[in-house]
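Structural overview for review
Spelled out from the first residue to the last, the chains are:
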Amino acid sequence: GLCQMMKNNQFCDVVFSIGKCEIPAHQNVLACASPYFGTLFSSTKERAGDAQERVTIEFEEHEVKKETLQLLIDYIYTSKLDVPDHLVVDTYVTAAKLQIDDARRACADYMQATLDMSNCLTLRALPEAELEPSLSSALDAFIAENIKNI
């Protein structure tokens, strides 16, 4: 289906460029999954007029990691989110930025379930933590309960 077409770069009309990495996709698929992409592609179409050329969206590597963007685009196409532990926070932040709410919530649930002394302050420092009331409440409660040991 569409996922295989994306993997084979068939009929893709957008490519994300991060450093030397390029990730092709279909604007309509991404726009259905994220208000961010819907707005982005609408404004891009307005500037380009009726031209049907492939759109290139560039991100700096410090803004969005190529691994997290690929995970989130794969999620949009498959509804499966398999994030390695070391990428969960970056995936959460990127999902928040790109308004991919289901992926953001899944990452927040995982972070809340794996909350411990080593990560509580780092997670609490994320501005995006406020997007998930249950996560921010759990972080505040955990820190208050363990403040002497942190």
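Our subject is the structure listed above.
Residues numbered from 1 in each chain as written. Predicted model: local features only at pLDDT ≥ 70, side-chain atom pairs only at ≥ 80, totals over all residues. Heavy atoms only, no water.

Observations regarding unusual backbone geometry
Even without being glycine, Ser79 reaches a positive phi, approximately 65°. Along the chain, Ser79 falls in the loop between helix H4 (66–78) and helix H5 (88–97). You will see that Gln99, though not glycine, has its phi angle at about 55°, which is positive. Note that Gln99 resides in the loop between H5 and helix H6 (101–113). (Helix = DSSP H or I, 4+ residues; strand = E, 2+ residues; numbered from the N terminus.)

Things to note about the side chain of His26
By the element assignment, His26 lies in the loop between strand E2 (21–25) and helix H2 (27–33). According to the relative accessible area criterion, His26 is buried, its value standing at 6%. A polar contact of 2.6 Å, which involves the side chain of His26, links it to the side chain of Tyr77. With sequence-adjacent residues up to four places away left out, His26 is seen in contact with Leu2, Met5, Met6, Gln10, Phe11, Cys12, Asp13, Val14 and Tyr77. (Buried < 20%, exposed > 50% of the residue type's maximum accessible area, 1.4 Å probe, protein only. Polar contact = N/O pair within 3.5 Å; in protein donor to acceptor, adjacent residues only side chain to side chain. Contact = heavy atoms within 4.5 Å.)

Some details on a nonpolar patch on the surface
On the surface, Met117, Leu121, Ile147 and Ile150 cluster together into a nonpolar patch covering about 350 Å² of accessible area. Residue position: Met117 is located in the loop between H6 and helix H7 (120–124). (Patch = residues over 30% accessible without salt bridge, like charges linked within 9 Å, V, L, I, M, F, W, Y side chains within 5 Å. Areas by Shrake-Rupley, 256 points an atom, 1.4 Å probe, with all protein chains shown as cover. Salt bridge = Lys/Arg side-chain N within 4 Å of Asp/Glu carboxyl O.)

Observations concerning the packing of H5 against H6
Contact geometry for H5 and H6: axes closest at 8 Å, N-to-C directions at 145°. The chirality of how H5 crosses H6 is left-handed. Of H6, the residues touching H5 (which contributes Val88, Val89, Thr91, Tyr92, Ala95 and Ala96) are Ala103, Arg104, Cys107, Ala108, Tyr110 and Met111. By residue class, the composition of the contact of H5 with H6 is 10 nonpolar, 1 polar and 1 charged. (Axes fitted to C-alpha atoms, helices over the stretch in contact; angles between N-to-C directions. Left-handed = near helix turned anticlockwise from the far one by under 90°. Nonpolar A, V, L, I, M, F, W, Y, C, P; charged D, E, K, R; others polar.)

With respect to the pairing of strand E1 (residues 14–18)
A regular strand places its side chains on the two faces of the sheet in alternate fashion. Of all 5 residues in E1, 5 are buried; the element is thus mostly enclosed. Side-chain alternation along E1 places Val14, Phe16 and Ile18 on one buried face and Val15 and Ser17 on a second face that is also buried. Examined bridge by bridge, E1 and E2 share 5 bridges and lie antiparallel to one another. The residue of E2 that forms the bridge with Val15 is Pro24. (Pairing = 2+ DSSP bridges.)

Observations concerning the sheet that holds E1
Across the sheet, which stays open at both edges, the 3 strands sit in the order E2-E1-E3 with mixed pairing between neighbours. Looking at which strands have only one partner, the edges of the open sheet turn out to be E2 and strand E3 (55–59). Each strand axis lies, on average, 20° off the axis of its neighbour in the sheet, ignoring direction. Examined bridge by bridge, E1 and E3 share 5 bridges and lie parallel to one another.

Quick word on the pattern of salt bridges
Taken as a whole and judged by the stated rule, the model has 7 salt bridges. Residue Arg105 is joined to Asp102 by a salt bridge in which the shortest nitrogen-to-oxygen separation is 2.7 Å. Taken together, the residues Arg105 and Asp102, both in helix H6 and 3 residues apart, mark about one turn of the helix. Among the residues examined, Arg105 registers a relative accessible area of 35% and is labelled partly exposed. On the basis of relative accessible area, Asp102 is assigned to the partly exposed category, the value being 46%. Between Arg124 and Glu130 there is a salt bridge; the shortest N-O distance is 2.7 Å. We classify Glu130 as partly exposed; its relative accessible area is 48%. It is possible to trace a salt-bridge network through shared partners that takes in Asp101, Arg104 and Glu132.

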